[in-house]
Amino acid sequence: MGLEFYQPRGVKSTPLNKPLCSLRNLHFYFNVEASKYMDLDNHFYAQIGINEAERQIVFVLFKDKDDKAHYLKIGRHRGKGRRNDYHNITAKGLFNDYKWLKHAGNPRLPTKNRAFEVKEYPALNHAYYIQLRPSFEYSVEPENINSLDNAISGIYRYRNDSNDIIYIGKGNIKDRYKQQQDRQSWGIKTIEYSIINDDAKEFEAERYWIERFEIEHNRLPAFNMQRGHQQNNSSS
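Throughout what follows, the structure given in this document is the object of discussion.

The rules behind each value
Residues numbered from 1 in each chain as written. Predicted model: local features only at pLDDT ≥ 70, side-chain atom pairs only at ≥ 80, totals over all residues. Heavy atoms only, no water. Phe/Tyr/Trp six-rings, centres within 6.5 Å; stacked < 30°, edge-to-face > 60°. Buried < 20%, exposed > 50% of the residue type's maximum accessible area, 1.4 Å probe, protein only. Helix = DSSP H or I, 4+ residues; strand = E, 2+ residues; numbered from the N terminus. Lys NZ or Arg CZ within 6 Å of the ring centre and 35° of its normal. Pairing = 2+ DSSP bridges. Axes fitted to C-alpha atoms, helices over the stretch in contact; angles between N-to-C directions. Polar contact = N/O pair within 3.5 Å; in protein donor to acceptor, adjacent residues only side chain to side chain. Contact = heavy atoms within 4.5 Å. Core = buried A, V, L, I, M, F, W, Y, C linked by side-chain atoms within 4.5 Å.

Focus: the packing of aromatic side chains
For step 1, the next point in the chain: By the definition in use, this model includes 19 aromatic pairs.
For step 2, the next point in the chain: For the ring pair Y156 and Y158, a centre distance of 5.2 Å and an interplane angle of 35° mean the geometry is tilted. The same class applies to Y156 and to Y158, which are both buried.
For step 3, the next point in the chain: Look at Y158 and Y177: their rings are 6.3 Å apart centre to centre, the planes differ by 80°, and that puts the pair in the edge-to-face class. Taken together, the positions of Y158 in strand β11 (residues 153–159) and Y177 in helix α4 (residues 173–179) put the pair 19 residues apart, joining distant regions of the chain. By the burial criterion, Y158 is buried, and Y177 matches it.
For step 4, the next point in the chain: In this structure an aromatic cluster arises from ring pairing among Y156, Y158, Y167, Y177, W186 and F223.
For step 5, the next point in the chain: Sitting over the face of the ring of Y29, R24 holds its NZ or CZ atom 3.8 Å from the ring centroid.

Given below as structure tokens:
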């Protein structure tokens, strides 16, 4: 068996040698490893593709630009040390057009939740992509739950009047709130949710955010604990 190193509970770090793209302030930032992996020193322009259903952002790189197509310039910034060097792409219009993308780059989120691994996109030449996670980018107040379409399903979390996360689940957003009568007494002030039309992906996203909460708080959300939520038996 390979050697594994112990990492204390509650500590989660991202290896520095991963090619990462960070989202912040309506920009895409690429770390040193991503710049080398994507050969950004030798590419000066990019086209950005969006697969909204999969929450994929695809970067197609070019050394020159064709005036007939829309390109974004790849910025180059040199710092005092190697770790301070980076490349970036400014895409304000793109962030403003896609609410889930803008939410993923919200500077109030922890930095680790705004960094995504860069991978090669095999369908195109000189193309790379990042895979964003569903991250509760929509919200509704309980009194307005009927305004939601009956078919909206995905992951959701409840916040109380102190803005604390008290429950994370998956399933039909409206039905889970209205059909579970005990939830009316939980003191829910806000329902945040992401739309996901695939049960396996719902489960994967739900599990990610429950695990993330447990890592950061060393416990489950209050009502997940009370309901005895198990990873292999989704709370819904």
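Focus: the sheet that holds strand β9 (residues 127–131)
For step 1, the next point in the chain: The strand order across the open sheet formed by nine strands is β7-β1-β2-β6-β5-β3-β4-β9-β8, and the pairing between neighbours is antiparallel. Each edge of the open sheet carries a strand with a single partner, namely β7 (115–117) and β8 (119–120).
For step 2, the next point in the chain: Note: strand β2 (residues 27–30) against strand β6 (residues 86–90), four bridges, orientation antiparallel. If you follow Y29 over to β6, its bridge partner there is N88.

What about the pairing of β6?
A regular strand places its side chains so that they alternate between the two faces of the sheet.
For step 1, the next point in the chain: For strand β5 (residues 72–77) and β6, the ladder comprises four bridges, and the chain directions are antiparallel. Bridge assignment links H77 to a residue of β6, and that residue is Y86.

Some thoughts on the sheet that holds strand β10 (residues 138–140)
For step 1, the next point in the chain: Read across the sheet, four strands follow the order β10-β13-β11-β12 without closing on themselves; strand pairing throughout is antiparallel. Strands with a single pairing partner mark the edges of an open sheet, and in this sheet they are β10 and β12 (165–172). With strand direction ignored, the average angle separating the axes of adjacent strands in the sheet is 25°.
For step 2, the next point in the chain: Of the pairings in the sheet, the one linking β10 to strand β13 (residues 190–195) comprises three bridges and is antiparallel in character. By the bridge assignment, S139 is partnered in β13 with E192.

Re the side chain of N160
For step 1, the next point in the chain: Tracing the chain through its elements places N160 in the loop between β11 and β12.
For step 2, the next point in the chain: Accessibility expressed as a relative area gives 17% for N160, which makes it buried.
For step 3, the next point in the chain: Only 2.9 Å separates the side chain of N160 from the backbone nitrogen of D164, close enough to count as a polar contact.
For step 4, the next point in the chain: When residues no more than four places from it in sequence are discounted, the contact partners of N160 are I166, G187 and K189.

Some thoughts on the nonpolar core
For step 1, the next point in the chain: Of all hydrophobic cores here, the largest spans 25 residues; its most connected members are L23, F28, F30, F59 and I130.
For step 2, the next point in the chain: Those elements that place two or more of their residues in this core are β1 (20–24), β2, α1 (32–38), β4 (56–62), β5, α2 (92–97), α3 (99–104) and β9.
For step 3, the next point in the chain: V140, L148, Y158 and Y167 belong to the second largest nonpolar core, which has 15 residues in total.

What is shown is where atoms sit, not what they do.
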